[in-house]
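Here is what each chain is made of, one letter per residue.
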Amino acid sequence: RIARDKFRSLYEIWMQRSLARELADTVLVVRERDSIVPLGMVTISLKQGVGQIGLISVCEHQRGRGLGRLLIAAADRWMSEHGAHSAQVITQRHNKAACRLYEQAGYQIE
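For the structure given in this document, a descriptive report is provided here. (Residues numbered from 1 in each chain as written. Predicted model: local features only at pLDDT ≥ 70, side-chain atom pairs only at ≥ 80, totals over all residues. Heavy atoms only, no water.)

Ranked by size, the top nonpolar core spans 18 residues in total, and within it V42, I53, I56, I72, M79, Y102 and Y107 carry the most contacts. The leading source of residues in this core is helix α2 (residues 67-81), at six residues. Contact partners of Y102, with chain neighbours within four places excluded, come to I56, I72, V89, T91 and Y107. (Core = buried A, V, L, I, M, F, W, Y, C linked by side-chain atoms within 4.5 Å. Buried < 20%, exposed > 50% of the residue type's maximum accessible area, 1.4 Å probe, protein only. Helix = DSSP H or I, 4+ residues; strand = E, 2+ residues; numbered from the N terminus. Contact = heavy atoms within 4.5 Å.)

The structure is reproduced here in structure tokens:
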């Protein structure tokens, strides 16, 4: 329900602040070999042993190739390597595709 221009502006701010490590501890990116063009990304933070996926995104024309699962697996690995004993991600229940992706990766919907 947010105007497209406003949504884009908020998203850009979120990414800038994540890359500046204000909102995330790291940002993982997936891309084709020998390319600088990102196909997807995930932001990750860790606080008191709990890892959190803040934002995950895959280019629309790249969806269905398993990149989301790859990003979640990489995020889980990063969190584990940095001492996380659990992980969480917050999304909207009506975002069925995201919920399905998280459940397939072993996350439980609460």
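Next comes the rest of the description.
We now examine a nonpolar patch on the surface. Taken together, the side chains of I2, F7, L10 and I13 present a nonpolar region at the surface, about 380 Å² in accessible area. Examined against the element boundaries, F7 turns out to sit in helix α1 (residues 4-19). Taking relative accessible area as the criterion, F7 reaches 49% and is therefore assigned partly exposed. (Patch = residues over 30% accessible without salt bridge, like charges linked within 9 Å, V, L, I, M, F, W, Y side chains within 5 Å. Areas by Shrake-Rupley, 256 points an atom, 1.4 Å probe, with all protein chains shown as cover. Salt bridge = Lys/Arg side-chain N within 4 Å of Asp/Glu carboxyl O.)

Moving on, we get to the sheet that holds strand β1 (residues 26-31). The four strands are arranged β1-β2-β3-β4 in an open sheet whose pairing can be described as mixed. The open sheet terminates on both sides in strands that have one partner only, identified here as β1 and β4 (86-89). Pairs of neighbouring strands in the sheet enclose a mean axial angle of 25 degrees, with direction left out of account. As paired strands, strand β2 (residues 38-47) and strand β3 (residues 50-58) are joined by eight bridges and run antiparallel to one another. For I44, the partnering residue across the bridge sits in β3 and is I53. Strand contacts of α1: β1, β2 and β3, with the helix running at about 130 degrees to β3, the strand carrying the most contacts. In the packing of α2 onto the sheet, the strands contacted are β1, β2, β3 and β4, and the crossing angle to β3 comes to about 155 degrees. (Pairing = 2+ DSSP bridges. Axes fitted to C-alpha atoms, helices over the stretch in contact; angles between N-to-C directions.)

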